[in-house]
Amino acid sequence: MKAEIAPSVLSFNHAEIRPRVQELAEAGAQVIHLDVMDGQFVPPITFGDGLVKGLTDIPGPLYEAHLMIVRPEDQVERFVQAGCRRVIFHAEATVHAHRLVGHLHSLGVQAGVAINPATPAQAVSEVVGIADMILVMTVNPGWGGQKFIESCLAKVETIRSWNPSIRIEVDGGIDRSTLPRAKGVGADLFVVGSHLLDYPSLGQAVRELSALCD
């Protein structure tokens, strides 16, 4: 599977999210990562399905909702209806991960399961054969701009050894230096947040980071 970046909207001013997503789509971004936080699973609150619905009519990218929320099973249908074609929930947030993967598939979308830095790879061992994606958090979820946690790379390598074809996403502290290291152990989708703003334009960020994926 082709390695790609997944630009995140987390670091954008809310008033600027739509034009920023438009700019990313025009630059060729294939995935847009939407960080949904509820103030309970993680301390911050970001946005809900209403804002997402106002973005997914911009053509081109696949929109993925990363639900950093408690009881994701109560909310996934809202994000599918809002236009997300992939929904990612946390293994730590539900005791029914297997069931929820199946439910997302029944809704016609891809299912991703995320794990936090302190959660072992074994937490997803029973869904790695049925999920479309495993997301390995490489920072503690909640805020952008954190330092990449190197020890999380071992989990990526372990999960890749279990399933050579599953998509593995990494999220947190991804930049010019950490992206190649994560790719080297088996990741193939890279959430880039605050690092996007280090470039003169989002278009240049997409081009240069996508080149690192090749």
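Further up the page is the structure itself.
Residues numbered from 1 in each chain as written. Predicted model: local features only at pLDDT ≥ 70, side-chain atom pairs only at ≥ 80, totals over all residues. Heavy atoms only, no water.

Explain the packing of helix α1 (residues 17-26) against helix α7 (residues 202-213) to me, and be specific about the residues and the numbers.
Axes are the key here: two packed helices are described by the angle between their axes and the distance separating the axes. At a minimum axis separation of 8 Å, α1 and α7 run at an interaxial angle of 40°. By the angle class used here, α1 and α7 are oblique. The chirality of how α1 crosses α7 is right-handed. Of the residues in α7, those in contact with R20, E23 and L24 of α1 are L202, G203 and V206. Residue classes in the contact of α1 with α7 are distributed as 3 nonpolar, 1 polar and 2 charged. (Axes fitted to C-alpha atoms, helices over the stretch in contact; angles between N-to-C directions. Helix = DSSP H or I, 4+ residues; strand = E, 2+ residues; numbered from the N terminus. Parallel < 35°, antiparallel > 145°, perpendicular 65-115°, else oblique. Left-handed = near helix turned anticlockwise from the far one by under 90°. Contact = heavy atoms within 4.5 Å. Nonpolar A, V, L, I, M, F, W, Y, C, P; charged D, E, K, R; others polar.)

Outline the pattern of salt bridges, supporting the account with residue identities and numerical values.
Applying the stated rule across the entire model yields 10 salt bridges. D74 is the partner of R71 in a salt bridge, and the nearest nitrogen-oxygen pair spans 2.7 Å. Look at R71 and you get partly exposed, because its relative accessible area is 47%. Here E150 and R181 are joined by a salt bridge, their closest N and O atoms 2.5 Å apart. Here R181 lies in helix α6 (residues 178-184) and E150 lies in the loop between β6 (133-137) and α5 (153-162), a separation of 31 residues in the sequence. Given a relative accessible area of 42%, E150 falls into the partly exposed group. The class of R181 is partly exposed, set by a relative accessible area of 36%. Among the charged side chains, a network of salt bridges with common partners joins E4, R160, R167 and D188. (Salt bridge = Lys/Arg side-chain N within 4 Å of Asp/Glu carboxyl O. Buried < 20%, exposed > 50% of the residue type's maximum accessible area, 1.4 Å probe, protein only.)

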